Amino acid sequence: MDAQRLTEVLKGLLSQFEKNETKLTNLDREIGDGDHGVNMLRGFKAVDEKLTGDTVPDILKSCGMTLMSAVGGASGPLYGFSFVKMSQVAEEEITKENIGKLINEFAEAVKARGKVEGGEKTMYDVLKPVSEAIQAGNIPTSAELQQFAEDTKDIEATKGRAAYFKEKSKGVVDPGAQSAVYILDALLEEVR
């Protein structure tokens, strides 16, 4: 995936978040403050309007800075920081051979910024197994990505706003895990 295609893919996420805004908002209403769908849509509207750059690293950095400034809640800093970190290890093209390095950086950035370990009902519970699968030579399908998000239903939240819901957080997919699926699926689709 070259710079031009990456731009198209990242701008294309706007339609994904338009389509799924209500789903994300409803998930977040159950175990959060109900703004995740709105925030992610706002973020990718801004990406659609403001994304710049002629190289893969520049585009990833631009996406990160845009998300940091446009997305509210915890998601903006987490996703924004992650895209900036990915830009620091990105090469001129995203390929099947180097996507693992990017996704690992994505996961590590969320782990560091979010102070999470896994098993806490966060987006990291999707990022970590995806990174591990790619390191093992398997690029997850869309269905496999969705299953990682579905697996967060069984976890009792111990991080973020969902942690206030304790036992009641079980049975609901983590909204951040679900939005991570959309972003990962878009990036991985190009190298499957």
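Further up the page is the structure itself.
Residues numbered from 1 in each chain as written. Predicted model: local features only at pLDDT ≥ 70, side-chain atom pairs only at ≥ 80, totals over all residues. Heavy atoms only, no water.

Draft legend 1. Structural context of the pattern of salt bridges. Going through the model one piece at a time under the given rule, you end up with nine salt bridges. A salt bridge links Asp-185 to Arg-192; the shortest N-O distance between them is 2.8 Å. Given a relative accessible area of 18%, Asp-185 falls into the buried group. Counted as one network, the salt bridges with shared partners bring together Arg-5, Glu-8 and Glu-190. (Salt bridge = Lys/Arg side-chain N within 4 Å of Asp/Glu carboxyl O. Buried < 20%, exposed > 50% of the residue type's maximum accessible area, 1.4 Å probe, protein only.)

Draft legend 2. Region of the structure containing unusual backbone geometry. For Lys-121, which is not glycine, the phi dihedral falls at a positive 65°. Relative to the helices and strands, Lys-121 resides in the loop between helix H5 (99-114) and helix H6 (124-135). Positioned with a positive phi, Lys-166 is a non-glycine residue whose angle comes to about 45°. Residue placement: Lys-166 occurs in the loop between helix H7 (142-150) and helix H8 (175-189). With a relative accessible area of 52%, Lys-166 lands in the exposed category. (Helix = DSSP H or I, 4+ residues; strand = E, 2+ residues; numbered from the N terminus.)

Draft legend 3. Local environment of the packing of aromatic side chains. All chains considered together, the criterion is met by four aromatic pairs. The interplanar angle of 15° and the centroid separation of 4.9 Å between the aromatic rings of Phe-17 and Phe-44 together place this pair among those described as stacked. You can see Phe-17 sitting in helix H1 (residues 3-31) and its partner Phe-44 sitting in helix H2 (residues 36-50), a full 27 residues away along the chain. Relative to Tyr-182, the ring of Phe-17 has its centre 5.7 Å away and its plane inclined at 85°; by these criteria the two rings are edge-to-face. (Phe/Tyr/Trp six-rings, centres within 6.5 Å; stacked < 30°, edge-to-face > 60°.)

Draft legend 4. Looking closely at the packing of H2 against H8. Look at H2 against H8: their axes get within 10 Å of each other, and the N-to-C directions meet at 30°. The pairing of H2 with H8 is recorded here as roughly parallel in orientation. Here the hand of the crossing between H2 and H8 comes out right-handed. Side by side, H2 and H8 meet where His-36, Met-40 and Phe-44 of the first sit next to Pro-175, Gly-176, Ser-179 and Ile-183 of the second. Residues belonging to the contact of H2 with H8 are distributed by class as follows: four nonpolar, three polar and no charged. (Axes fitted to C-alpha atoms, helices over the stretch in contact; angles between N-to-C directions. Parallel < 35°, antiparallel > 145°, perpendicular 65-115°, else oblique. Left-handed = near helix turned anticlockwise from the far one by under 90°. Contact = heavy atoms within 4.5 Å. Nonpolar A, V, L, I, M, F, W, Y, C, P; charged D, E, K, R; others polar.)

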